[in-house]
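Residues per chain, in single letters:
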Amino acid sequence: MSSTKVIEGKQITKHFGRKIALSSLSFIINHGEIVALIGPSGAGKTTLLNTIAGLVPLESGELLIDQKPLPSYRGKQLAKKVGVIRQQFDLIGPLAVIHNVLAGRLADWGLFKSLISLLVPQEKGLAMEALNRVGLAEKAYDITANLSGGEQQRAAMARLLIQNPEIILADEPVASLDPARAEDVMAMLVNLVSEKRQTLIASLHSVEYARKYFTRIIGIKNGAIFFDLPTKEVTDDLLAELYLLKEKA
Ligand SMILES: Nc1ncnc2c1ncn2[C@@H]1O[C@H](COP(=O)(O)OP(=O)(O)OP(=O)(O)O)[C@@H](O)[C@H]1O
Ligand SMILES: [Mg+2]
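As the structure is a computational prediction, the values presented were derived from the model and not from experiment. (Residues numbered from 1 in each chain as written. Chains lettered and ligands numbered in written order. Predicted model: local features only at pLDDT ≥ 70, side-chain atom pairs only at ≥ 80, totals over all residues. Heavy atoms only, no water.)

1. Some points on the packing of aromatic side chains
Within a pair of aromatic rings, the relevant descriptors are the distance that separates the centres and the angle that separates the planes. Under the criterion given, the structure shown has two aromatic pairs. Ring plane angle 70° and centroid distance 6.1 Å describe the contact between tyrosine 209 and tyrosine 213, whose orientation is recorded as edge-to-face. Within this pair, tyrosine 209 and its partner tyrosine 213 are both found in helix H9 (residues 207-213), separated by four residues, close to a single helical turn. Taking NZ or CZ as reference, lysine 68 lies 4.6 Å from the ring centre of tyrosine 73, over its face. When the ring centre of phenylalanine 226 is taken as origin, the NZ or CZ atom of lysine 221, which lies over that ring, is 5.2 Å away. (Phe/Tyr/Trp six-rings, centres within 6.5 Å; stacked < 30°, edge-to-face > 60°. Helix = DSSP H or I, 4+ residues; strand = E, 2+ residues; numbered from the N terminus. Lys NZ or Arg CZ within 6 Å of the ring centre and 35° of its normal.)

Structure representation (structure tokens):
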């Protein structure tokens with residue numbers, strides 16, 4: 001249901017050396033929410049997404065996924081629940097697109113079946129369906145490295161469709177695309193996620209997209225939550241303050 005907590009952060013803190021990257025952040029994300037993380041460069045957006053993905057260990061505080069502490073998830077359990085889409089897509093360049101898409105099943109399949117799938121694509125139909133959804137079916141057997149940035153982004157999204165996680169974390173998913181494609185991919189991502197009632201948290205540099213496509217915006221500054229509001233309540237003044245380079249004396 002829409003009020004079910006899927007992610008809860010309780011005073012999460014992370015330093016890199018003496019630099020504080022996350023400073024006692026607390027938040028609750030409910031099932032089906034579409035949340036944009038915005039804030040200046042170095043604010044802590046990537047670090048926050050990486051901690052939720054279990055890639056960066058916490059120093060203090062607690063993160064609960066489906067009300068269970070993150071460290072209690074073993075091996076592939078977290079990968080089934082949480083899908084990550086990064087700016088550099090993490091696709092394997094020399095492989096055909098369809099193999100990269102099928103890699104979305106790694107968490108379900110185990111190594112043997114996954115290795116076999118490199119030779120004979122398993123569940124080809126499923127992969128083709130996903131590629132169709134993102135408009136890339138005709139490139140299924142192209143070498144991934146030869147695809148444009150926008151096409152690789154679509155392939156990464158098809159892989160995510162196959163993985164079908166409950167939660168999707170996207171770190172600047174459209175930053176490397178030209179404006180027309182960025183908007184296209186952004187709209188597609190949000191559509192797919194809402195259709196499947198998944199939960200999305202995406203970091204963005206584009207305030208315009210945050211406002212247009214997301215229902216809730218969390219502004220992060222200096223590793224802390226500066227505001228956390230329904231999109232309608234995010235004013236231009238708040239945004240100006242969020243991105244202000246120097247604090248007033
Ligand atoms: N692996 C690391 N080692 C040392 N410092 C790090 C590391 N990762 C992040 N930091 C520091 O932590 C702070 C937060 O970084 P983070 O990458 O989370 O910011 P961001 O909000 O994603 O920025 P951007 O918008 O530029 O991507 C920065 O000061 C950064 O220099
Ligand atoms: Mg970042």
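2. Thoughts on the sheet that holds strand S10 (residues 224-230)
With mixed pairing, the six strands of this open sheet are ordered in space as S6-S7-S8-S3-S9-S10. A single partner strand is all that each edge strand has here, and the edge strands are strand S6 (82-85) and S10. Each neighbouring strand pair of the sheet contributes to a mean axis angle of 15°, computed without reference to strand direction. Packing against the sheet, helix H1 (residues 45-52) makes contact with strand S3 (34-38), strand S7 (167-171), strand S8 (199-203) and strand S9 (216-221), and its axis sits at approximately 150° to S7. In the packing of helix H10 (residues 236-243) onto the sheet, the strands contacted are S3, S9 and S10, and the crossing angle to S10 comes to about 160°. (Pairing = 2+ DSSP bridges. Axes fitted to C-alpha atoms, helices over the stretch in contact; angles between N-to-C directions. Contact = heavy atoms within 4.5 Å.)

3. Focus: the site of ligand 1
The immediate surroundings of ligand 1 are formed by 13 residues, with Ser41, Gly42, Lys45, Thr46 and Thr47 found nearest. Between ligand 1 and lysine 45, the relevant distance is 2.7 Å, taken from an oxygen atom to a side-chain nitrogen or oxygen of the residue. Threonine 47 has a polar side-chain atom sitting 2.5 Å from an oxygen atom of ligand 1. When ligand 1 sits alone it has 630 Å² of accessible area, and the protein chains cover 62% of it. Sorting the residues of the shell around ligand 1 by element identifies strand S2 (19-30) and H1 as the ones contributing at least two each. Broken down by element, the residue count for the shell around ligand 1 peaks at three residues, all from H1. By residue class, the composition of the shell around ligand 1 is four nonpolar, six polar and three charged. (Near = heavy atom within 4 Å. Polar contact = N/O pair within 3.5 Å; in protein donor to acceptor, adjacent residues only side chain to side chain. Areas by Shrake-Rupley, 256 points an atom, 1.4 Å probe, with all protein chains shown as cover. Nonpolar A, V, L, I, M, F, W, Y, C, P; charged D, E, K, R; others polar.)

4. Some remarks on the packing of helix H7 (residues 149-163) against helix H8 (residues 179-195)
The N-to-C vectors of H7 and H8 enclose an angle of 5°; their axes lie 11 Å apart at closest approach. On the basis of the axis angle, H7 is roughly parallel to H8. On H8, the residues touching Gly150, Gln153, Arg154, Met157 and Leu161 of H7 are Arg181, Asp184, Val185, Met188, Leu189 and Leu192. Class assignment of the residues belonging to the contact of H7 with H8 gives a composition of six nonpolar, two polar and three charged. (Parallel < 35°, antiparallel > 145°, perpendicular 65-115°, else oblique.)

5. What to know about the pairing of S10
The sheet contact formed by S9 and S10 spans six bridges and is antiparallel. Paired with isoleucine 220 across the strands is isoleucine 225, a residue of S10. Count of turn residues in the S9/S10 antiparallel hairpin: two residues, of which asparagine 222 carries a positive phi of about 50°.

6. Quick notes on the environment of lysine 19
Mapped onto the secondary structure, lysine 19 falls in strand S2. Under the relative-accessibility criterion, lysine 19 is labelled exposed at 54%. (Buried < 20%, exposed > 50% of the residue type's maximum accessible area, 1.4 Å probe, protein only.)

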